[in-house]
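# Secondary and tertiary structure notes
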Amino acid sequence: MVVVTKHLLDAFMACCVGRRDDYAYQRSDGRYYRAGCPLTYDVVYRHLQGVQTIGSYLIDEYGLCRFAVFDSDASSGLVDLLQAQMQLAGAGVPSYLEQSRRGAHLRVFFRDPASPALARRWLLPFCPSGVEFYPKQDALSESMPLGSLVRLPLGVHRLTGECYPFVTWSQGQFVPVAASLADMLAWFSTVQRAPVPASAPSLVTDQAAPTTPRAISFNPVARTDSAGSSLTIRDWCNQQDPVAIISRYVQLDQRGLGCCPFGAHHDDGVDTHPSFRAYYPTYPDICCWYCHVWRQGGSLFDFLRYYYGLSARDLWSHILAGGHF
Ligand SMILES: [Zn+2]
């Protein structure tokens, strides 16, 4: 048994625990069940000892989050997220790689609690395609009172019986950041927490004053698409999976319905009844979303332009530079 002091637990929990007044535990089938009671040191201790495995709800009881997770289930997950880690580092955002059952997680620990909406607008542009991003919601709601959860690191996965370490890329391979559990816990007091930006882009309306230009990280490698500079916005839209990309920004049900992320034209600035629909366009049409209240829709390009408050020119430059959404 490892000697785990309260001091070590504090550093670990400050990084990896969201909600404190509730959590979820993993059963042997791999699924998580809500505990319905506060997360105590004792529960975290048992998680670290492999006795019980728990998941933490990212958004806390005040509606804020202290970390974000990129979650890749692909076998190439570590390599894919290593690339995202380098892009984040280029934008001054430290992040940490963790092995997972099927792939990898990349975690960003925040210096200060942030609203989930801000965290998503800030970090989603770094999310590679096919990778899930947490927090999944912009805010908690009546229909989603707890939001999504992620496994607390360093526990034992109930399906595999394995524990997955944080790793770094060193001399051509991924190596654990520490050799023992106690050292891995001590490592948490050395991690760098990312400063949260004061704001992130929001929808620019015709009446609004220009917002601060968004600092999107550009992939250092220029796009080497065979279409080269002749690629058009229409071509690009046709090459994307619009519903998959939009579902990263909007919680969609099976019919593609969700709450509109462009709040301004909804009562109180928030769409509480799902008014937004994402769908697959019928070629050659590229429109793929529509808000019934706004009575407007558009292409995936339009969606991203509104979402990030970017000019068409800036968004297109970002796409040509290999930006991810
Ligand atoms: Zn709307």
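Relevant structure appears above.
Residues numbered from 1 in each chain as written. Predicted model: local features only at pLDDT ≥ 70, side-chain atom pairs only at ≥ 80, totals over all residues. Heavy atoms only, no water.

## Looking at the packing of aromatic side chains
Per the stated rule, a full pass over the model turns up 29 aromatic pairs. Judged by centre distance (5.7 Å) and plane angle (15°), the rings of F276 and W289 are stacked. Within this pair, whereas F276 is found in strand β12 (residues 276-278), its partner W289 is found in strand β13 (residues 287-291), the two being separated by 13 residues in sequence. One aromatic cluster in this structure is built from W236, Y249, F262, F276, W289, W294, F303, Y306, Y307, Y308 and F325. (Phe/Tyr/Trp six-rings, centres within 6.5 Å; stacked < 30°, edge-to-face > 60°. Helix = DSSP H or I, 4+ residues; strand = E, 2+ residues; numbered from the N terminus.)

## Notes on the pairing of strand β14 (residues 296-299)
Looking at chain direction, β13 and β14 are connected through four bridges and run antiparallel. From the neighbouring strand, W289 faces β14, where its bridge partner is G298. Connecting the antiparallel pair β13 and β14 is a turn made up of four residues, with R295 showing a positive phi of about 60°. (Pairing = 2+ DSSP bridges.)

## Examining the nonpolar core
Note on soluble globular proteins: their nonpolar side chains tend to be buried together. Among the nonpolar cores identified, the biggest contains 53 residues, and F70, L123, W236, Y249 and F303 are the most heavily contacted of them. The dominant element in this core, judged by the number of residues it contributes, is helix α8 (residues 300-308), at seven residues. Two domains each donate at least three residues to this core, and these are domain 1 (6-190) and domain 2 (228-320). F12, C15, V69 and F166 belong to the second-largest nonpolar core, a separate cluster that totals 32 residues. (Core = buried A, V, L, I, M, F, W, Y, C linked by side-chain atoms within 4.5 Å. Buried < 20%, exposed > 50% of the residue type's maximum accessible area, 1.4 Å probe, protein only. Domains from an automatic or database assignment.)

## Topic: the sheet that holds strand β11 (residues 257-258)
Spatial strand order, β11-β12-β13-β14: four strands in an open sheet with antiparallel pairing. Edge positions in the sheet fall to β11 and β14, since each of these pairs with one other strand and no more. Here β12 pairs with β13 via three bridges, running antiparallel. Of the residues in β13, the one forming a bridge with R277 is Y290. Along the sheet face, α8 touches β12, β13 and β14 and points at about 110° away from the line of β14. (Contact = heavy atoms within 4.5 Å. Axes fitted to C-alpha atoms, helices over the stretch in contact; angles between N-to-C directions.)

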